[in-house]
Amino acid sequence: MKTTVRKQDDQGLRFFGQVIASVTHDIKNSLATINENAGLLTDHAAMAARGRPLDPEKVNVLAMRIMDQVKRADGLLKNMNRFAHSVDDSLKKVDLNEILQLLAALSVRFAAMSGANLDVQPSPKPVVIETSPFGLLNTLFLCLEVAMTAAGQGGSICLRPEKTDNGACVHFGPLPDAAMSNQDHCLSAFIDARLVKNSATRTLTLIIHDL
Amino acid sequence: MAEKVLLVDDEKDFLEVMAERMATRGIEVSTASSAAEAVRLAEKESFDAIIVDLMMPEMDGLEALKLLKKEKPESQVILLTGHATLEKGIEAMKLGAVDFLEKPADINELTNKIKKAHARRMMIVEKQIEEKMKAIISTKGW
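These numbers were taken from a predicted model, which means no experiment stands behind them.

## Some words on the overall build of chain B
Link 1 in the chain: If you tally the helices and strands in chain B, you get 5 helices and 5 strands.
Link 2 in the chain: Scanning chain B from its N terminus toward the C terminus, one meets helices and strands in the order β-α-β-α-β-α-β-α-β-α.
Link 3 in the chain: Taking 14 Å as the expected radius of gyration for a compact globule of 142 residues, we find that chain B reaches 16 Å, a close match to that expectation.
Link 4 in the chain: With respect to the principal axes defined by its C-alpha atoms, chain B has extents near 55 × 30 × 25 Å.
Link 5 in the chain: Relative to its 142 residues, chain B shows a buried fraction of 38%.
Link 6 in the chain: Residue pairs in contact within chain B that sit at least 24 positions apart in sequence constitute 61% of those at least 6 positions apart.

## Considering the sheet that holds strand β4 (residues 77-81) of chain B
Residues and elements named next belong to chain B.
Link 1 in the chain: Reading across the sheet, the 5 strands line up as β2-β1-β3-β4-β5 and stay open at both edges, with parallel pairing between neighbours. In this open sheet, the two strands that pair with only one neighbour each are β2 (28-32) and β5 (99-102). Mean inter-strand twist for the sheet, computed between neighbouring axes without regard to direction, equals 20 degrees.
Link 2 in the chain: As paired elements, strand β1 (residues 4-8) and β2 share 5 bridges and run parallel to each other. Within β2, the residue paired with V8 across the bridge is A32.

## Describing the interface of chain B and chain A
Size of an interface: often given as the accessible area lost when the parts come together.
Link 1 in the chain: Tallying the contact residues gives 16 residues for chain B and 16 residues for chain A.
Link 2 in the chain: Its residues assigned to classes, the side of chain B that touches chain A shows 7 nonpolar, 3 polar and 6 charged.

## Looking at the nonpolar core
Link 1 in the chain: Formed by 39 residues in total, the largest nonpolar core has its most connected members in V5, L6, V8, A38, I50, I51 and V52 of chain B.
Link 2 in the chain: Beyond its immediate chain neighbours, meaning those up to four positions away, V8 of chain B contacts A32, A35, A38, I50, I51, V52, D53 and A64 of chain B.
Link 3 in the chain: Counting 38 residues, the second-largest nonpolar core is a separate cluster that includes V19, L140, V146 and A193 of chain A.

The rules behind the values
- Residues numbered from 1 in each chain as written.
- Chains lettered and ligands numbered in written order.
- Predicted model: local features only at pLDDT ≥ 70, side-chain atom pairs only at ≥ 80, totals over all residues.
- Helix = DSSP H or I, 4+ residues; strand = E, 2+ residues; numbered from the N terminus.
- Rg over C-alpha atoms; globule rule 2.2 N^0.38 Å.
- Buried ≥ 20, exposed ≤ 12 C-beta atoms within 10 Å, placed from the backbone.
- Contact = placed C-beta atoms within 7 Å.
- Pairing = 2+ DSSP bridges.
- Axes fitted to C-alpha atoms, helices over the stretch in contact; angles between N-to-C directions.
- Nonpolar A, V, L, I, M, F, W, Y, C, P; charged D, E, K, R; others polar.
- Core = buried A, V, L, I, M, F, W, Y, C linked by C-beta atoms within 7 Å.

Read these as layout, nothing more, since geometry by itself doesn't imply function.
In structure tokens:
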């Protein structure tokens, strides 16, 4: 029992670390671009001081680029903040539409590294379940990793939530036929859920029960 | 003579502005937005320094570093990255990177590293020429 709990804690921490490392990497990229655009502004100011006319349009373009990067970094931090608050409650009612949007935003770099494109297709109505928000995100991330590996380079993965009688499910797919046959069922220790494959629709489906 | 640099990063906005800043400092810059493109460019042309981002899709900076050193051992590769772990830096140096800088970097520090890389590469190239000359002289019966 102790070993199982320890494994869950380790996995949870690893997931937390992976997400934070990825988001902070993107924030550093954003800061680096801001730094260089601001640096280029000072380069132009120095050239203007030596008598070269300052081009207002150029200054405007550089300022716009800085503002774009500030917006990007702000978005990254907002998502990281929402993610950090996912550990606040061990049991909470959450909307899978929102959770999947957050998961996709947090997984952009992982998807880019594996060459996959993510497309969240939200349900027209909220898909509310009562579960552990962090456990749910962790489980969805593990499933997404399986799906990204199966999809391979250039693959596109659609994430679609659906309400069920005693909870909800999330479909990942369509995945290549060959990859589908190699997928084992991935059981979650964090929430009451299981991953099943559907060869007919070429999807992996995470079935989640309300806790 | 202007230093010739290849800048490799998947962040296109960063690539564009960094290339412009380097150009204003008299550096001749080529850019590549992927490691594969960088390897192709490095096969065709010689660069005094190749500045590579560590984390890129398809092929990461360490893989690119291995390929660049294999194709052209005299390549002076500087890693410039937002991936701030010491382990990666050590791994890069073991694979033959000459330097490792963390983003956001100071342009003057980077420029100094480029100048040092240029000087180091010139020494290696001169040594290679000298060895070739010696080999020619020792094999020809002049």
